[in-house]
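Single-letter residue listing:
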Amino acid sequence: MVNILDEIMKFIPNKSDISDSYFEGANIILYTKNRDLFINNNGLIKDIVNNIKKRVELRCDPSILEGEEKTKKIIEELIPAEAGLSEIIFDKQRSMIIIEADKPGLVIGKGGGLLKEIRQKTFWVPIIRRNPPIKSQLVENIRKVLYENNDYRKKFLHAIGKRIYDGWIREKKHEWVRITFLGGAREVGRSCLFLQTPESRIILDCGFNVAASGENAYPYLDVPEFDIEELDAVILCHPHIDHVGFLGYLYKYGFKGPTYCTEPTRDVSALLALDLLNIAHKEAKKALYNSTNIKDFVKHSVCLDYREVTDITPDVRLTFYNAGHNIGSAMAHLHIGNGLHNLLYTSDMNYEITNLLSPAVTKFPRLETLIIESTYGHREDIFPTRKECEDYLIDIIKKTIENGGKVLLPVLGVGRSQEILLILEKAIREGILNKIPIFIQGMVWDVTAIHTAYPEFFNNKVKKDIFHKDQNPFLADVFKRIVGRKEMMQIVDEEGPCVIVATSGMLTGGASLEYFKHLSENPKNSLVLTCYQGQGSLGRRLEDGEREIMDNDTKTLIKIKMAIHTIRGFSGHSNYQQLINFVGRLDPRPKKILCNHGESSKCVELASTIHRMFGIETSAPKNLEAIRLK
Ligand code: ZN
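None of these values were measured; they are calculated from a predicted model.

Rules and cut-offs
Residues numbered from 1 in each chain as written. Predicted model: local features only at pLDDT ≥ 70, side-chain atom pairs only at ≥ 80, totals over all residues. Heavy atoms only, no water. Pairing = 2+ DSSP bridges. Helix = DSSP H or I, 4+ residues; strand = E, 2+ residues; numbered from the N terminus. Axes fitted to C-alpha atoms, helices over the stretch in contact; angles between N-to-C directions. Contact = heavy atoms within 4.5 Å. Core = buried A, V, L, I, M, F, W, Y, C linked by side-chain atoms within 4.5 Å. Buried < 20%, exposed > 50% of the residue type's maximum accessible area, 1.4 Å probe, protein only. Domains from an automatic or database assignment. Arc of directions from axis to C-beta. Buried area = accessible area lost by both parts, 1.4 Å probe. Salt bridge = Lys/Arg side-chain N within 4 Å of Asp/Glu carboxyl O. Polar contact = N/O pair within 3.5 Å; in protein donor to acceptor, adjacent residues only side chain to side chain. Expected span 1.5 Å × (residues − 1). Donors = N, O, S within 2.8 Å, 3.2 Å for Na, K, Ca; no water. Tetrahedral: all angles 85-135°; square planar, octahedral: opposite > 155°, others 65-115°. Parallel < 35°, antiparallel > 145°, perpendicular 65-115°, else oblique. Left-handed = near helix turned anticlockwise from the far one by under 90°. Nonpolar A, V, L, I, M, F, W, Y, C, P; charged D, E, K, R; others polar. Phe/Tyr/Trp six-rings, centres within 6.5 Å; stacked < 30°, edge-to-face > 60°. Lys NZ or Arg CZ within 6 Å of the ring centre and 35° of its normal.

A. Representation of the sheet that holds strand β27 (residues 617-619) in the model. Read across the open sheet, the 7 strands follow the order β13-β14-β15-β16-β17-β26-β27; overall the sheet is mixed. Taken across any chain shown, the strands that pair with only one partner, and hence form the sheet edges, are β13 (310-313) and β27. Across the sheet, the axes of successive neighbouring strands diverge by a mean angle of 25°, strand direction being ignored. As paired elements, strand β14 (residues 316-322) and strand β15 (residues 330-336) share 7 bridges and run antiparallel to each other. Bridged to Phe-320 within β15 is Ala-332. Strand contacts of helix α20 (residues 576-585): β15, β16 (341-345), β17 (369-373) and β26 (592-596), with the helix running at about 165° to β17, the strand carrying the most contacts.

B. Inspection of the nonpolar core at higher detail. If you look at the biggest cluster of nonpolar residues, it comprises 82 residues, and the most contacted ones within it are Ile-203, Leu-393 and Ile-438. Looking at this core, you find at least three residues from each of domain 3 (143-160 + 170-379 + 573-628) and domain 4 (386-566). If near-sequence neighbours (up to four positions away) are discounted, Ile-203 is found in contact with Leu-182, Cys-192, Leu-193, Phe-194, Leu-221, Phe-226, Leu-231, Ala-233, Val-234 and Ile-235. Counting residues in each nonpolar core, the second largest holds 50 residues, with Ile-4, Ile-164, Tyr-165 and Ile-336 among its members.

C. Main features of helix α17 (residues 484-494). All buried positions along α17 are accounted for by Met-488, Ile-491 and Val-492. Seen along its axis, α17 keeps its buried residues to an arc of 95°; they face one direction. Residues of α17 that are exposed and point more than 90 degrees away from the buried face comprise Lys-486, Asp-493 and Glu-494. In this structure, the buried side of α17 is in contact with β18 (406-410), β19 (438-441), β20 (479-482), β21 (498-502) and α18 (510-519).

D. Structural view of the domain arrangement of the protein chain. Examined at the domain level, the protein chain breaks down into domain 1 (4-63), domain 2 (79-131), domain 3 (143-160 + 170-379 + 573-628) and domain 4 (386-566). Taken residue by residue, the interface counts 11 residues in domain 1 and 10 residues in domain 2. Both sides together, the interface formed by domain 1 and domain 2 hides about 890 Å², and carbon and sulfur atoms give 62% of it. Inspection of the domain 1/domain 2 interface yields 1 salt bridge. As a salt-bridge pair, Glu-24 and Arg-94 come within 3.3 Å of each other at their nearest N and O atoms. The tally of links between domain 1 and domain 2 comes to 3 residue pairs in polar contact (both at pLDDT 80 or more).

E. Just the side chain of Arg-130, in detail. Among the structural elements, Arg-130 can be located in strand β6 (residues 125-130). Given a relative accessible area of 14%, Arg-130 falls into the buried group. Here Glu-456 takes part through its side chain, which lies 3.0 Å from a polar atom of the side chain of Arg-130. The contact partners of Arg-130, leaving out residues within four places of it in the chain, are Ala-101, Asp-102, Pro-104, Arg-143, Thr-452, Ala-453, Pro-455, Glu-456 and Phe-467.

F. Representation of the sheet that holds β21. In spatial order, the strands read β20-β19-β21-β18-β22-β25; together these 6 strands make up an open sheet with parallel pairing. Both edges of this open sheet fall to β20 and β25 (563-566), since each of them pairs with a single strand only. Taken over all neighbouring pairs, the strand axes of this sheet differ in orientation by 20° on average, direction set aside. Judged from the 4 bridges that link them, β19 and β20 form a sheet pairing that is parallel. Directly across from Ile-438, in β20, lies its bridge partner Phe-479. Strand contacts of α17: β18, β19, β20 and β21, with the helix running at about 130° to β20, the strand carrying the most contacts.

G. Seen up close, helix α14 (residues 416-429). The terminal C-alpha atoms of α14 lie 20 Å apart, and with 14 residues this matches the ideal 20 Å at 1.5 Å per residue to within 8%. For α14, the tally of buried residues reaches 12 of 14 residues, placing the bulk of the element in the interior. When α14 is considered as a whole, its buried residues turn out to be Arg-416, Ser-417, Gln-418, Glu-419, Ile-420, Leu-421, Leu-422, Ile-423, Leu-424, Glu-425, Ala-427 and Ile-428. At the exit of α14 stands Gly-431, carrying a positive phi of roughly 80°.

H. Geometry of unusual backbone geometry. Note the cis peptide between Thr-503 and Ser-504, where omega equals 0°. Of note, the phi angle at Ser-95 is positive, near 55°, even though the residue is not glycine. Along the polypeptide, Ser-95 turns up in the loop between β4 (85-91) and β5 (96-101). Despite not being glycine, Leu-507 has its phi angle at roughly 60°, a positive value. Using a relative accessible area of 2% as the deciding quantity, one classes Leu-507 as buried.

I. Spatial organisation of the coordination of the zinc ion. On the protein side, the zinc ion has His-238 (NE2), His-240 (ND1), His-325 (NE2) and Asp-348 (OD) as donor atoms, found 2.2 to 2.3 Å from it. For the zinc ion, the 4 donor atoms in the first shell make angles of 87 to 169° at the metal, a pattern classed as irregular. Each donor residue of the zinc ion belongs to the same chain, with the gaps between them written as H-x1-H-x84-H-x22-D. On the criterion of sequence distance, the pair formed by His-238 in the loop between β10 (233-235) and α9 (241-244) and His-325 in the loop between β14 and β15 is long-range, its members being 87 residues apart. The class for His-325 is buried, based on a relative accessible area of 6%.

J. Structural context of the packing of α20 against helix α21 (residues 600-614). At a minimum axis separation of 11 Å, α20 and α21 run at an interaxial angle of 45°. As the angle between them shows, α20 and α21 are arranged oblique. Every pair of crossing elements has a handedness; the one defined by α20 and α21 is right-handed. Between α20 and α21, the residues in contact are Tyr-576, Leu-579, Ile-580, Val-583 and Gly-584 and Leu-606, Thr-609, Ile-610, Met-613 and Phe-614, respectively. Of the residues in the contact of α20 with α21, the class split is 8 nonpolar, 2 polar and no charged.

K. Quick peek at the side chain of His-565. Tracing the backbone through its elements, the reader meets His-565 in strand β25. Polar side-chain contacts of His-565 include one of 3.3 Å to the side chain of Tyr-392. Excluding residues within four positions of it along the chain, His-565 makes contact with Tyr-392, Ile-396, Ser-526, Leu-527, Val-528 and Leu-529.

L. The arrangement of the packing of aromatic side chains in detail. Throughout the structure, instances matching the rule amount to 15 aromatic pairs. Summarising the aromatic geometry, the rings of Tyr-321 and Phe-364 are spaced 4.8 Å apart at their centres and angled 80° between planes, so their arrangement reads as edge-to-face. Here Phe-364 lies in the loop between β16 and β17 and Tyr-321 lies in strand β14, a separation of 43 residues in the sequence. We note that Tyr-321, like Phe-364, is buried. When the centroid spacing of 4.8 Å and the interplanar angle of 90° are considered together, the rings of Tyr-376 and Phe-383 count as edge-to-face. As far as the burial class goes, Tyr-376 and Phe-383 line up, both buried. An aromatic cluster of three or more residues is present, and its members are Phe-208, Tyr-218, Phe-246, Tyr-249 and Tyr-253. Lying across the ring of Tyr-22, Lys-154 places its NZ or CZ 4.3 Å from the centre. Seen from the ring of Tyr-152, Lys-299 lies directly overhead, with NZ or CZ sitting 4.7 Å from the centre.

Below, the structure written as structure tokens:
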């Protein structure tokens, strides 16, 4: 066994009390056959944690657990009916029970009282999972993959722990830290960074560029320094295709290590990846990977909460911080080599409070190098305020509805769509808008369902509404789900004034394009574009004033009479001013800043502005450039 376990055993007065020990990633699990010790260890575990500064947990040996039937009965008797208990799942290998309920708070009880009682009466360790109030097949499938692979996961997590604690496998000749930009440098799309330390090989984000073709679409994994066999871990900051779309490919080509992310990021990533496969299938294109590879990602995911400090290799400690970009989005803080270097990678972030999320965090324990996104890094990238945008949107909807028209909102599936749903719900609740139906198309609905599984990730205002006022905005009865073509046509032909929210965001395909074709010839209707419209997309052509469009399916000319509006400012990214404010408020101030994730001019401009304003060394690296951090 590994040294750290010997180290821990020194603190145990009666060695025979501990029957087994295991790693679960960086956490250390001790098993005991002594029920009294499990129930009351008089601060023994606390002492160990204080001394070795690692997370240690005591569980009962499977042989002394209460039987499953009896445990079930005890739990059902203890938990109040209002908790909405739905399932109790036994993970005997790990002496854990997973309790799924509608209201986790009622299972936990005041001050954790009920949980404690469950432990004392059954000797199992209870874990509570929230049933999403909007049912999501995907969330259920993901949980199923994890439960079905309990045995595999136990071994997999133990192997991670061994790698972390078993010491060094590489010869330690030098102390250096180096980062290579494999994609997403001086461009948006295919974000991928490769971090090398004396001991570790880590990928940060692994996306691809949907708008590019051929070689330019994928990260440069063929650089000499990268070898998939040596890859220790992937860190995934948020679920957008340009950050996660290529991850399945790593698993396809033999990666068996962990991907670290938050729970919402895991779920939405799996959903987006499956959607990509679907699209490839429909267009009869060859997909980059298959659904088994996506399952592999889920099987190998290690989910962390914000601010949960975790060793991921012998010399890298990871902490996620809120990035404010979409639900569960994170900035990755890496503490390298016991104080050798501290790196913060923002991935995509928003330094602004939105209806749904808190702004990106600016305070860190230590920080030497910052890698910051530059999407809106040019001084002209200032948008109207969120309030102005909201008022404008509501105003368009109000006028269209009064005229008897319909409003079409093409959106990206994740982030902004939920932000817009909150705006509409609020306006209706407060009586600013009449109570009209808001139709939500499949993919947007699925992502929204995932949102309802993780209310802890919302900002304080939304959390308070949900937990204290029992007012979950996503459950409002104005939202109606649409599935399939038949329902779609009913809305077009029979429904009165309404709002329709559908993907894709640039009218490049999907339900939004279908609706557009049916709604565009009626001058009473309105189209509101809220996201970035890529060059050549139908959305961009409409923004540029085109009003006659050829329908390629029917070969007819569509004369567009509906009103076309664009609203910038619902962005999930910081605008120019917010980027500068973010850097200005960083505590501590970094010594070096690298600007990526932006068109070339934006990265360069942001790097030079930050240097000028704060006197910090900056650069805007290109793809394939490697930068030595230490
Ligand atoms: Zn993003």
